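Architecture and fold: a report
Residue strings, one per chain:
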Amino acid sequence: MSDNLSADSLKGTARYTWGGDEFLFVEISEAMSLAANFKSNSMATRLGGRALAGVTEICPANASLLVRFDPDLLDAADLESAMREIEVEVDNASHPVLNTRLIEIPVWYDDPYTRETGARFRSGHQRPEGTDLDFAAEVNDLSGADEFIRRHHSSPWLVSMVGFVAGLPFMFQMVPREQQLEVPKYLSPRTDTPPLTVGHGGCFACIYSVRGAGGYQMFGIAAAPIFDPAQSLADFKDFMVFFKPGDIVKFRPVDEDEYKSIKEQVDAGTFVYKQVPVTFDLAEALGDPESYNTKLLENLNDS
């Protein structure tokens, strides 16, 4: 894969900086890549496995991670020493893998909700005369919205981080860098975005977990919630936020009828996401992405 950073190029490159008395920031790289994010998630997983007394939060991000700790229970120098040991362990792993899950996300592309919202905010858009999908196809040199949609849902996406607003996932397409879809954000942000809008800004896809302002291009709407404070659905019984860093997403196009059917299941409390446990193999993903993605997605078909 023509990733902008290889796994070997990241060995021993992390920078450690302190934020006040309670935060340690670990910068893996200045640029996002599958390799950088893999290292961030691997370090976060290993730190969590150590169960160090005093570590209160571990937040992996695109190419970094933030650790919050209680200085009364854990000395700052001891935490940094542990993180440097973990980095060496991750760098020296003979066959780096990450145990995660593959999730199918039903999406109604080119839906009336995001189209209507887009029409109200065309003054802040690069192409006031068209739709977000038309613009996205144009800037990616594609034949039109249909080809863009096919490219959007045909390959998997890695959840590189979760945050900004409650439960919102940032997703990085698992294809060679030169094949990734890239679309700039709105020139002027919107004051409204429908909940569960599937958006895109730069090289990142996202799903808006709640209604609110936004600036990502809008391509469709997901059928089921990704943030459930009431924890009314089975997928949220342990935590109100659905996505976790390291999750792998496969978007699946649905039509209006299936979208409404899924919404009915959600309202009845019976909807369950289709998901399977998978092992993310970084070397395979970087070495032959097309074959790896095909093999990866077969797990959903077999489930």
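Presented here is an overview of the structure given in this document. (Residues numbered from 1 in each chain as written. Predicted model: local features only at pLDDT ≥ 70, side-chain atom pairs only at ≥ 80, totals over all residues. Heavy atoms only, no water.)

The next thing to look at is helix H4 (residues 132-139). Listing the buried residues of H4 in full gives Asp132, Leu133, Phe135, Ala136 and Ala137. On its buried side, H4 packs onto helix H5 (145-154) and strand E10 (217-222). Just downstream of H4 lies Asp141, where phi reads positive at about 55°. (Buried < 20%, exposed > 50% of the residue type's maximum accessible area, 1.4 Å probe, protein only. Helix = DSSP H or I, 4+ residues; strand = E, 2+ residues; numbered from the N terminus. Contact = heavy atoms within 4.5 Å.)

Tracing the backbone through its elements, the reader meets Thr193 in the loop between strand E7 (169-173) and strand E8 (197-201). Residues within four places of Thr193 in sequence aside, it is in contact with Tyr208, Val210, Arg211, Gly212, Ala213, Gly214 and Met218.

With that settled, the discussion passes to the sheet that holds strand E3 (residues 55-60). Pairing is antiparallel across the open sheet formed by 4 strands, whose spatial order is E1-E2-E4-E3. Since the sheet does not close on itself, it has two edges, and those belong to strand E1 (15-19) and E3, each with one partner. In this sheet, adjacent strand axes meet at a mean angle of 20° when their direction is disregarded. As paired elements, E1 and strand E2 (residues 23-27) share 5 bridges and run antiparallel to each other. In the strand pairing of E2, Thr17 is matched with Phe25. (Pairing = 2+ DSSP bridges. Axes fitted to C-alpha atoms, helices over the stretch in contact; angles between N-to-C directions.)

Okay, the pairing of E10 next. Among the 6 residues in E10, 6 count as buried, and that is most of the element. Note that strand E5 (residues 97-109) and E10 share 3 bridges and pair antiparallel. What sits directly across from Tyr109, in E10, is Gly220. Sheet analysis places E8 next to E10, joined by 4 bridges and oriented antiparallel. The partner of His200 across the bridge, within E10, is Gln217.

Here we come to helix H3 (residues 112-120). What H3 keeps buried is the set Thr114, Thr117 and Gly118. The arc that holds every buried residue of H3, seen down its axis, measures 100°, which confines them to one face. Against the buried residues of H3 lie E8 and E10. The opening residue of H3, the one whose side-chain oxygen lies 3.0 Å from the backbone nitrogen of Tyr113, is Asp111. (Arc of directions from axis to C-beta. Polar contact = N/O pair within 3.5 Å; in protein donor to acceptor, adjacent residues only side chain to side chain.)

What follows covers the packing of aromatic side chains. Per the stated rule, a full pass over the model turns up 14 aromatic pairs. Ring centres of Phe148 and Phe219 lie 4.7 Å apart, and the angle between their planes is 65°; on these two criteria the pair is classed as edge-to-face. Linking Phe148 in helix H5 with Phe219 in strand E10, this pair joins segments that are 71 residues apart in sequence. Look at Phe219 and you get buried, because its relative accessible area is 1%. (Phe/Tyr/Trp six-rings, centres within 6.5 Å; stacked < 30°, edge-to-face > 60°.)

Volume-wise, the largest pocket comes out at about 450 Å³. Every element with two or more residues in the lining of the largest pocket is listed here: helix H1 (34-50), E3, E5 and strand E6 (157-162). For the lining of the largest pocket, the element with the most residues is E3, which contributes 4 residues. The residue makeup of the lining of the largest pocket, split by class, is 9 nonpolar, 6 polar and 3 charged. For the second largest pocket, the calculated volume is near 390 Å³. Around the second largest pocket sit 20 residues that line it, and Phe38, Ser42, Val90, Ala93 and Pro96 are the ones nearest its centre. Per element, the largest residue contribution to the lining of the second largest pocket is 6 residues, and it comes from H1. (1 Å grid on protein atoms, 1.4 Å probe; cavity = no way out; pocket = protein on both sides within 12 Å on 5 of 7 lines; lining within 4 Å. Points joined across faces, edges and corners; volume = space filled by probe spheres on them. Nonpolar A, V, L, I, M, F, W, Y, C, P; charged D, E, K, R; others polar.)

Helices that pack against each other are described as a pair by the angle of their axes relative to one another and the distance between those axes. At a closest axis distance of 8 Å, the pairing of H4 and H5 adopts a crossing angle of 80°. Considering the angle they form, H4 stands roughly perpendicular to H5. The residues of H5 that touch H4, namely those facing Leu133, Asp134, Ala136 and Ala137, are Ala145, Phe148 and Ile149. Its residues assigned to classes, the contact of H4 with H5 comprises 6 nonpolar, no polar and 1 charged. (Parallel < 35°, antiparallel > 145°, perpendicular 65-115°, else oblique.)

Fair warning: the whole summary comes from geometry, so function is off the table for now.
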